[in-house]
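# Descriptive structure summary
What follows is the residue order along each chain.
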Amino acid sequence: MRLHSTDRVHPKRQTDAIQGTIRWDAEKSIWFFLMLTGGFLAIIWTPSWSGFLVFLATTAITVCAGHSVGMHRLLIHKAFVTPKWLEYILVWLGTLVGMAGPLGMIRAHDMRDWHQRQTVCPPHPSHGAGFWQDAWWQMHCRFDLDYPPHFEIESEIANDPVYQWIERHWMAQQLIVAVPLFLIGGVGFILWGVCLRVAISLSGHWMVGHFAHKGGHQGWTVEGLPVQGFNLPGLGLLTCGENWHSNHHAFPHSAKLGIDKGQLDPGFWFIKSLAAVGLAHKILGPTDMPERDGLKRLGPDEIGVPQTT
Ligand SMILES: [Zn+2]
Ligand SMILES: [Zn+2]
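Residues numbered from 1 in each chain as written. Chains lettered and ligands numbered in written order. Predicted model: local features only at pLDDT ≥ 70, side-chain atom pairs only at ≥ 80, totals over all residues.

## Quick look at the overall build of the protein chain
Looking only at helices and strands, the protein chain features 11 helices and 6 strands. In terms of overall dimensions, the protein chain is globule-like: its C-alpha atoms have a radius of gyration of 19 Å, near the 19 Å expected for 309 residues. In terms of overall dimensions, the protein chain has C-alpha extents of about 55 × 45 × 40 Å along its principal axes. With 309 residues in all, the protein chain has 40% of them scored as buried. Looking at the protein chain alone, contacts between residues at least 24 apart form 72% of all its contacts between residues at least 6 apart. (Helix = DSSP H or I, 4+ residues; strand = E, 2+ residues; numbered from the N terminus. Rg over C-alpha atoms; globule rule 2.2 N^0.38 Å. Buried ≥ 20, exposed ≤ 12 C-beta atoms within 10 Å, placed from the backbone. Contact = placed C-beta atoms within 7 Å.)

## Some remarks on helix α5 (residues 131-140)
If you check which residues of α5 are buried, you get Asp134, Trp137 and Gln138. The arc that holds the buried residues of α5, viewed along the axis, is 85 degrees, so those residues lie on one side. Considering only its buried residues, α5 is in contact with β2 (20-24), β3 (141-145) and α8 (174-211). (Arc of directions from axis to C-beta.)

## A closer look at the nonpolar core
Within the largest apolar cluster, 49 residues are counted, with the highest numbers of intra-cluster contacts made by Val69, Trp192, Cys195, Leu196 and Ile271. A per-element tally of this core places α8 first, with 11 residues. The residues contacting Leu196, other than those within four sequence positions of it, are Gly38, Gly39, Ala42, Phe55 and Leu191. (Core = buried A, V, L, I, M, F, W, Y, C linked by C-beta atoms within 7 Å.)

## Quick notes on the environment of Pro125
Residue placement: Pro125 occurs in the loop between α4 (102-116) and α5. Among the residues examined, Pro125 registers 23 C-beta atoms within 10 Å and is labelled buried. With 134 residues separating them along the chain, Pro125 and Ile259 place their C-alpha atoms 25 Å apart.

## Brief notes about unusual backbone geometry
Phi angles above zero are rare outside glycine, and Lys78 is one such case at about 50 degrees. Examined against the element boundaries, Lys78 turns out to sit in the loop between α2 (49-76) and α3 (84-95). Lys78 sits in the partly exposed class, given 15 other C-beta atoms within 10 Å. Of note in the backbone geometry, His127 takes a positive phi value of approximately 55 degrees without being a glycine. As for its position among the elements, His127 is in the loop between α4 and α5. Residue His127 is classed as buried on the basis of its C-beta count, with 24 C-beta atoms lying within 10 Å.

## Digging into the packing of α2 against helix α11 (residues 266-276)
Relative orientation of the contacting elements α2 and α11 amounts to 80 degrees, with a least axis distance of 10 Å. When the axis of α2 is compared with that of α11, the two are roughly perpendicular. Facing α2, whose interface residues are Cys64, Ala65, Ser68, Val69 and Arg73, α11 presents Pro266, Gly267, Phe270 and Ile271. Looking at side-chain class alone, the contact of α2 with α11 contains 6 nonpolar, 2 polar and 1 charged residues. (Axes fitted to C-alpha atoms, helices over the stretch in contact; angles between N-to-C directions. Parallel < 35°, antiparallel > 145°, perpendicular 65-115°, else oblique. Nonpolar A, V, L, I, M, F, W, Y, C, P; charged D, E, K, R; others polar.)

## Focus: the pairing of β2
Counting buried positions along β2 gives 0 out of 5 residues, so the element sits mostly on the surface. Here β2 runs beside β3; their pairing, made up of 5 bridges, is antiparallel. Within the sheet, the bridge partner assigned to Trp24 lies in β3 and is Cys141. (Pairing = 2+ DSSP bridges.)

## Focus: α4
Along its 15 residues, α4 runs 21 Å from first to last C-alpha, staying within 8% of the 21 Å computed at 1.5 Å per residue. Residues of α4 that are buried include every one of Pro102, Met105, Ile106, Met111, Arg112, Trp114 and His115, and no others. (Expected span 1.5 Å × (residues − 1).)

## Brief notes about the packing of α2 against α8
Look at α2 against α8: their axes get within 8 Å of each other, and the N-to-C directions meet at 60 degrees. One finds that α2 runs oblique with respect to α8. Where α2 crosses over α8, the two elements pack in a sense that is right-handed. Facing α2, whose interface residues are Ser50, Gly51, Phe52, Val54, Phe55, Thr58, Thr59, Thr62 and Val63, α8 presents Val177, Leu181, Gly185, Gly188, Phe189, Trp192, Gly193, Leu196, Arg197, Ile200 and Ser201. In terms of residue class, the contact of α2 with α8 is made up of 10 nonpolar, 9 polar and 1 charged. (Left-handed = near helix turned anticlockwise from the far one by under 90°.)

## Some words on the environment of Met35
Considering the arrangement of structural elements, one finds Met35 in helix α1 (residues 26-44). Separated by 52 residues in sequence, Met35 and Glu87 place their C-alpha atoms 27 Å apart. Residues within four places of Met35 in sequence aside, it is in contact with Gly98, Cys195, Val198 and Ala199.

The structure is reproduced here in structure tokens:
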């Protein structure tokens, strides 16, 4: 079987994209459990409207400006350009979502993307399992290939001392938020603004990934691939535009995820507002790069379904 390459993932002669083991990832699993426990405590031990507002505000900023715009569209896909200081801030905000550091995020994203571009994709990176098993696999385990491909992050990111520092202490970055929250609102604000926020962000991220590979609306399909991305209509505001996953599979380089009429995309609104004040340029749209092989526009009545599970 011929394996495809991507910008950062290059198969070696012996690389096998399927044979591997799903293993419990202690660090990831315990971290999630701690955040979930703290999140429950926020609700039952320190319930307050001010805590709830802290949760909403910190979640909106870290998920939208951080994860969706800074980490995903800017660092991983290079869909636009900002001054370096702003790139650092946005990527740092994305790290606060509590998933991984910048290098770990690139790796997780690009390995999944590489898997999903192959003609056969194993069940872990394709979200092939059912709801609870996939939750366990994605939030508590990792998938180790027996014969992995060569993975390399470009040196301007991999050797950047700021990214290396964020990466080394990605969990501890929460302290930069937790200390001021504690000074303002005590332990309760940490439980709302760190623990509950991280627990909900991680669960929400997994859930979008799960359902966006299961079925639903597709604006485009990539023919010949077993794993397809699907749009999840109605979730634009909640997911900052990351719900338009069929569009993302069709145009991975595009800063704009909500492409068709009526597809709300707060992440792209944020990029446009940065551009309006001169802080974002070279913003790539869907047609600014060569089309993917096998890309096909679907009519409004053609509802996509995964070709395998
Ligand atoms: Zn996908
Ligand atoms: Zn992506």
